[in-house]
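One letter stands for each residue in the lines below.
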Amino acid sequence: MRNLVCICCPKGCPLKVDENNGYTVTGNSCEKGTEYGRNECIAPVRTVTSTIKVSGGMISRCPVKTSVPIPKDKIFDVIAVINQLNVEAPVQIGQIILSNVEGADIVAVRSISVADVSN
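Summarised in this report is the structure supplied together with it. (Residues numbered from 1 in each chain as written. Predicted model: local features only at pLDDT ≥ 70, side-chain atom pairs only at ≥ 80, totals over all residues. Heavy atoms only, no water.)

### Details of the pairing of strand β5 (residues 49-55)
- Taken together, the five bridges between β5 and strand β6 (residues 61-66) define a ladder with antiparallel strand orientation. In the strand pairing of β6, K53 is matched with R61.
- Hairpin geometry of β5 and β6 is characterised by an intervening segment of five residues between the two adjacent antiparallel strands and by a positive phi of about 75° at G56.
- Here β5 runs beside strand β8 (residues 86-88); their pairing, made up of three bridges, is parallel. (Pairing = 2+ DSSP bridges. Helix = DSSP H or I, 4+ residues; strand = E, 2+ residues; numbered from the N terminus.)

Take a look at the structure:
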């Protein structure tokens, strides 16, 4: 039996997942909890968030995230790729920075304009 707290809504239902009985989930107040409990025990996934370097922008780093959750055991592989990225400003929110990293795109979550160097 595995104890989890559901993160699908603010309720935070205490889940019990019986791994020896077909991943039966109890303690949930909705179907999202059932799905979350099973998935967390069978194939856990996470959305990765980080920042990348920006050259020539108003700020030097841009927050990014994976477009879809990735397998939990691939997080450090994705972070290693993200840490190597450097983009030129301007950057637009929603812009795909890099495609297909462990099945997800790396997407900008903030717009960054070009720095004004005329002063």
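### Considerations on the sheet that holds strand β3 (residues 24-26)
- Strand order in the open sheet formed by three strands is β1-β2-β3, and the pairing between neighbours is antiparallel. Every other strand in the sheet has two partners, leaving β1 (2-5) and β3 as the edge strands with one partner each. With strand direction ignored, the average angle separating the axes of adjacent strands in the sheet is 25°.
- Two strands pair when backbone bridges link them, and β1 and strand β2 (residues 14-18) are joined in this way by four bridges, in the antiparallel orientation. Bridged to N3 within β2 is K16. (Axes fitted to C-alpha atoms, helices over the stretch in contact; angles between N-to-C directions.)

### What about the nonpolar core?
- I52, V91, I97 and I106 are the most contacted members of the largest nonpolar core, which totals 18 residues.
- At the level of elements, β5, β6, α2 (75-82), β9 (96-101) and β10 (104-108) are the ones that each hand at least two residues to this core.
- In terms of residues, this core owes the most to one element, β10, which gives three residues.
- If near-sequence neighbours (up to four positions away) are discounted, V91 is found in contact with V54, C62, I97, A108, R110, S111 and I112.
- Counting residues in hydrophobic clusters, the runner-up holds eight residues, among them C13, V17, V25 and Y36. (Core = buried A, V, L, I, M, F, W, Y, C linked by side-chain atoms within 4.5 Å. Buried < 20%, exposed > 50% of the residue type's maximum accessible area, 1.4 Å probe, protein only. Contact = heavy atoms within 4.5 Å.)

### What to know about the sheet that holds β8
- Spatial ordering of the open sheet is given by β8-β5-β6-β10-β9, a layout of five strands whose pairing is mixed. Each end of this open sheet is capped by a strand with a single partner; those strands are β8 and β9. This sheet shows a mean twist of 35° between the axes of neighbouring strands, independent of strand direction.

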